[in-house]
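Structure at a glance
In case you want the letters, here they are:
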Amino acid sequence: MKVLGIDLESLGLDEDSKMIELACVPIDLKNKKIEHDLTFHVLIKVDSFEDMYESLSPWIRKNNKETIDEAHKYGKDLSEVKNNLTNYLQSKEIKDYFN
């Protein structure tokens with residue numbers, strides 16, 4: 001059986017917490033193999049660490065500053081993330097892998 005593992009990083013567990021990172025990893029459970037060539041990864045654009053500091057939990061402040069800085073600098077806008085993810089999921093390679 002093949003599955004698509006999805007990893008989502010957010011800046012908390014509250015309903016208004018921002019997503020910061022998304023990854024998709026095709027996995028062949030039968031053969032215990034991760035398909036590294038078919039993965040998808042994107043950082044999602046967020047405000048700067050400094051601008052969000054007061055709204056972040058102490059744990060997020062301590063453990064996610066580097067990721068927040070990277071997402072602020074290199075992250076994609078949500079509309080671009082949506083388009084890229086849609087293109088990935090509808091790509092010939094992904095369709096062929098799961099069929």
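Procedures and definitions
- Residues numbered from 1 in each chain as written.
- Predicted model: local features only at pLDDT ≥ 70, side-chain atom pairs only at ≥ 80, totals over all residues.
- Heavy atoms only, no water.
- Salt bridge = Lys/Arg side-chain N within 4 Å of Asp/Glu carboxyl O.
- Helix = DSSP H or I, 4+ residues; strand = E, 2+ residues; numbered from the N terminus.
- Buried < 20%, exposed > 50% of the residue type's maximum accessible area, 1.4 Å probe, protein only.

Right, let's get into the pattern of salt bridges. Two side chains carrying opposite charge are able to pair once their charged atoms lie near each other. The full count for this structure, using the stated rule, is three salt bridges. Between D69 and K65 there is a salt bridge whose closest N-O contact spans 2.6 Å. Of this pair, D69 and K65 both sit in helix 3 (residues 65-74), separated by four residues, roughly a single helical turn. Looking at D69, the relative accessible area reads 30%, which means it is partly exposed.

On to the side chain of S48. Considering the arrangement of structural elements, one finds S48 in the loop between strand 4 (40-43) and helix 1 (49-52). Residue class for S48 comes out buried when judged on its relative accessible area of 10%.

Honestly, that's just the spatial picture; any functional story needs more than this.
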